[in-house]
Amino acid sequence: MSGIIVTRPPKASAQDVAALGRYGVATVHEALGRTGLLGPHLRPIQQDVRVAGTAVTVLSWPGDNLMIHAAVEQCGEGDLLVVNTTSPSTDGMFGELFATALRYRGVRGLVTNAGVRDTSELRAMGFPVWSAAVSAQGTVKATGGSVNVPVAIGGRIIRPGDVILADDDGVMCVPRERASEAVELSQARTEKEEASRAAFAEGKLGLDRYGLRETLVRLGVRYQQYDDYVADTSGPGR
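Basis of the calculations
- Residues numbered from 1 in each chain as written.
- Predicted model: local features only at pLDDT ≥ 70, side-chain atom pairs only at ≥ 80, totals over all residues.
- Heavy atoms only, no water.
- Helix = DSSP H or I, 4+ residues; strand = E, 2+ residues; numbered from the N terminus.
- Rg over C-alpha atoms; globule rule 2.2 N^0.38 Å.
- Buried < 20%, exposed > 50% of the residue type's maximum accessible area, 1.4 Å probe, protein only.
- Contact = heavy atoms within 4.5 Å.
- Areas by Shrake-Rupley, 256 points an atom, 1.4 Å probe, with all protein chains shown as cover.
- Lys, Arg positive; Asp, Glu negative; His and termini not counted.
- Charge placed at Lys NZ, Arg CZ, Asp CG, Glu CD.
- Phe/Tyr/Trp six-rings, centres within 6.5 Å; stacked < 30°, edge-to-face > 60°.
- 1 Å grid on protein atoms, 1.4 Å probe; cavity = no way out; pocket = protein on both sides within 12 Å on 5 of 7 lines; lining within 4 Å.
- Points joined across faces, edges and corners; volume = space filled by probe spheres on them.
- Nonpolar A, V, L, I, M, F, W, Y, C, P; charged D, E, K, R; others polar.
- Polar contact = N/O pair within 3.5 Å; in protein donor to acceptor, adjacent residues only side chain to side chain.
- Core = buried A, V, L, I, M, F, W, Y, C linked by side-chain atoms within 4.5 Å.
- Arc of directions from axis to C-beta.

A. Highlighting the overall build of the protein. The number of helices and strands found in the protein is nine helices and 11 strands. Taking 238 residues into account, the globule formula puts the C-alpha radius of gyration at 18 Å, and the protein, at 23 Å, lies well above it. With respect to the three principal axes, the spread of C-alpha positions in the protein is 75 × 45 × 35 Å. Every one of the 238 residues in the protein was classed for burial, and the buried ones make up 45%. Considering only contacts within the protein whose residues lie at least 6 apart along the sequence, 74% involve residues at least 24 apart. When the accessible surface of the protein is totalled, it reaches about 12,600 Å², and 51% of it is carbon and sulfur. If you average the places of the 25 positive and of the 27 negative side-chain charges in the protein, the two averages end up 3 Å apart.

Okay, structure coming up:
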């Protein structure tokens, strides 16, 4: 397998990345029409951490972390490393030493469709990671791959410079061209949720606030007193 290392790809603006980082993955996902999630299989090794950064992408051979070493050189302040393999792999391709090198360069975290190890050390040093697996299985450094090319995770294409958001709810990608729009839509979504939160705190029901009673009627859902329900469901032949 040969490959390519692409240098200086375009990136979303640091201002938009910082703004998106103030919102949770669920909020941005909903604001963008329920798009962008990379799948529920990517889980955090830590809790109560939210990060946003621009993607530096890696496509590696399974069980081979050579191209992660190559990618470190391409990383800078505000980036987030995204690693995928050419076929499924759960090997521990990333650990404490990589995190030390990336933290020096200002990288905000790692998302990988493969495995990681040294999870206790990664938590202790405060380097956030989302992965598909945790495994002590080691890797080799023997096969070429690519850096800063489009990769696919969970059916979603991630390009270098796209915005990656990650928290306890999962990981999502915002195309770099839509970063500013995503900020505006997420703010509107947040304001809408704040209004609903205030209404619910005063005892209002979602059925009324969202006009869902009409939906129930349209779907044929009806109300029935308990005694009538029992009588209707316990008669002869039931």
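B. How the structure looks around the pairing of strand β10 (residues 163–167). For β10, a buried count of five out of five residues is recorded, marking the element as mostly surrounded by other parts of the structure. With burial as the criterion, each face of β10 is covered, one bearing Val163, Leu165 and Asp167 and the other bearing Ile164 and Ala166.

C. Up close: the packing of aromatic side chains. Under the definition given, this model contains three aromatic pairs. The interplanar angle of 25° and the centroid separation of 5.9 Å between the aromatic rings of Phe94 and Phe127 together place this pair among those described as stacked. With Phe94 in strand β4 (residues 92–94) and Phe127 in the loop between α5 (119–125) and β6 (129–134), this residue pair connects regions lying 33 residues apart in the sequence. When its relative accessible area of 2% is taken as the criterion, Phe94 is described as buried. When its relative accessible area of 3% is taken as the criterion, Phe127 is described as buried. Put simply, the rings of Phe94, Phe98 and Phe127 touch in pairs and so form one group of aromatic residues.

D. Highlighting the layout of surface pockets. Considered as a void within the structure, the largest pocket measures approximately 180 Å³ in volume. Lining the largest pocket are 13 residues, and of these Asn65, Gly95, Leu97, Phe98 and Arg117 lie nearest its centre. Of all the secondary-structure elements, those providing two or more residues to the lining of the largest pocket are β4 and α4 (96–104). Residue composition of the lining of the largest pocket, by class: four nonpolar, five polar and four charged.

E. Representation of the side chain of Thr112 in the model. Take Thr112: it is sitting in strand β5 (residues 110–116). Separated by 3.3 Å, the side chain of Thr112 and the backbone oxygen of Val83 make a polar contact. When neighbours within four sequence positions are excluded, Thr112 is seen to be in contact with Leu42, Val83, Trp130, Ser131 and Ala132.

F. Quick peek at the nonpolar core. Core analysis: the largest hydrophobic core is formed by 25 residues, its most contacted members being Leu81, Phe94 and Phe127. Elements with a minimum of two residues in this core: β2 (51–60), α3 (66–74), β3 (79–85), β4, α4, β5 and α5. Of all the elements, α3 adds the most residues to this core, at five residues. The residues touching Phe127, leaving out its near neighbours within four places in the chain, are Gln46, Phe94, Ala99, Leu102, Arg103, Val107, Gly109, Leu110 and Leu122.

G. Layout of α4. Listed in full, the buried residues belonging to α4 are Phe98, Ala99 and Leu102. Around the axis of α4, the buried residues are gathered within 100° of arc, so they sit on the same side. For α4, the exposed residues set more than 90 degrees away from the buried face come down to Leu97 and Tyr104. Turning to α4, the residues buried within the fold contact α3, β3, β4 and α5. Where α4 ends, the next residue or the one after it, Gly106, has phi of about 85°, a positive value.

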